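# Fold and geometry: a report
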Amino acid sequence: FPNDPIRKITSRVKSPLSIQEKSGSRKWKDFKEVENYMTDLIGVKFVIGEGNKNIIDGVLDRFIPLIKSREIELYEIENKRPAALLYEAPEDQSRYDYASVSMLEKMIRIQEEVWNGKKEVKNPKTVSYNLADYQDSNYCAIHFLFKIPGKDSHIFEMQIIGEDENLAKDDDDKVWKYINGKNIENKYNPLKEL
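Criteria and thresholds
- Residues numbered from 1 in each chain as written.
- Predicted model: local features only at pLDDT ≥ 70, side-chain atom pairs only at ≥ 80, totals over all residues.
- Heavy atoms only, no water.
- Helix = DSSP H or I, 4+ residues; strand = E, 2+ residues; numbered from the N terminus.
- Rg over C-alpha atoms; globule rule 2.2 N^0.38 Å.
- Buried < 20%, exposed > 50% of the residue type's maximum accessible area, 1.4 Å probe, protein only.
- Areas by Shrake-Rupley, 256 points an atom, 1.4 Å probe, with all protein chains shown as cover.
- Lys, Arg positive; Asp, Glu negative; His and termini not counted.
- Charge placed at Lys NZ, Arg CZ, Asp CG, Glu CD.
- Salt bridge = Lys/Arg side-chain N within 4 Å of Asp/Glu carboxyl O.

### Points about the overall build of the protein
- Within the protein, the secondary structure is distributed over 7 helices and 6 strands.
- From first element to last, N terminus to C terminus, the protein shows the α and β order β-α-α-β-α-α-β-α-β-β-β-α-α.
- Taking 16 Å as the expected radius of gyration for a compact globule of 194 residues, we find that the protein reaches 18 Å, a close match to that expectation.
- Taken over the C-alpha atoms alone, the protein extends approximately 55 × 45 × 35 Å along its principal axes.
- When burial is assessed residue by residue, the protein has 37% of its 194 residues classed as buried.
- Accessible area of the protein: about 12,200 Å², with a carbon and sulfur share of 50%.
- Within the protein, the 34 negative side-chain charges are centred at a point lying 6 Å from the centre of the 31 positive side-chain charges.

This is the structure we're talking about:
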């Protein structure tokens, strides 16, 4: 469907090596800690064909009824931007965002209203967010943490990324991990040499 904004939806389970490294850096010692605190054990990726904010806002708007009906809960939003944009004028720094900041703020507001109501509460439950999360790895994407309520439910990561950017992201991730002292599989030794 060439007019469909979503080119593909993929999923993955975090690799054992990645789980080991993240657990070690966070000092998690047992399976229960990993299960309770590692929010990206399960990942879903929406690969989009066109980086048009109006179109992506429309895709994200379809999550609003799910949040309102408590079929899904939003825990976090990180709007990833390349660190190179820090040198741009503030009004130009959002030009590579996939969704509008106003749409992301709407999602946050609605989730917090579902949790807390519209009145002020003493200890409100809040969505964690960074709507201008500048990354040294220099890619654009939106990362969400969602949970589908229910017994034995886990938080999962959902990412929205463009089709072209997605083609290079895996290699970019490997380079970033290697440069930052993380292990990557031996099959990527040619990449290490480069």
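### Observations regarding the pattern of salt bridges
- Overall, the coordinates contain 8 salt bridges when judged by the stated rule.
- The shortest N-O distance in the salt bridge between Lys 80 and Glu 78 comes to 2.9 Å.
- Between Asp 133 and Lys 80 there is a salt bridge; the shortest N-O distance is 2.9 Å. Of this pair, Asp 133 sits in strand β4 (residues 128–135) while Lys 80 sits in strand β3 (residues 73–82), placing them 53 residues apart in sequence.

### Observations concerning unusual backbone geometry
- The residue Arg 70 is not glycine, and still its phi comes out positive at about 65°.
- Of note, Arg 70 is situated in the loop between α4 (64–68) and β3.
- On the basis of relative accessibility, which here comes to 48%, the residue Arg 70 falls in the partly exposed class.

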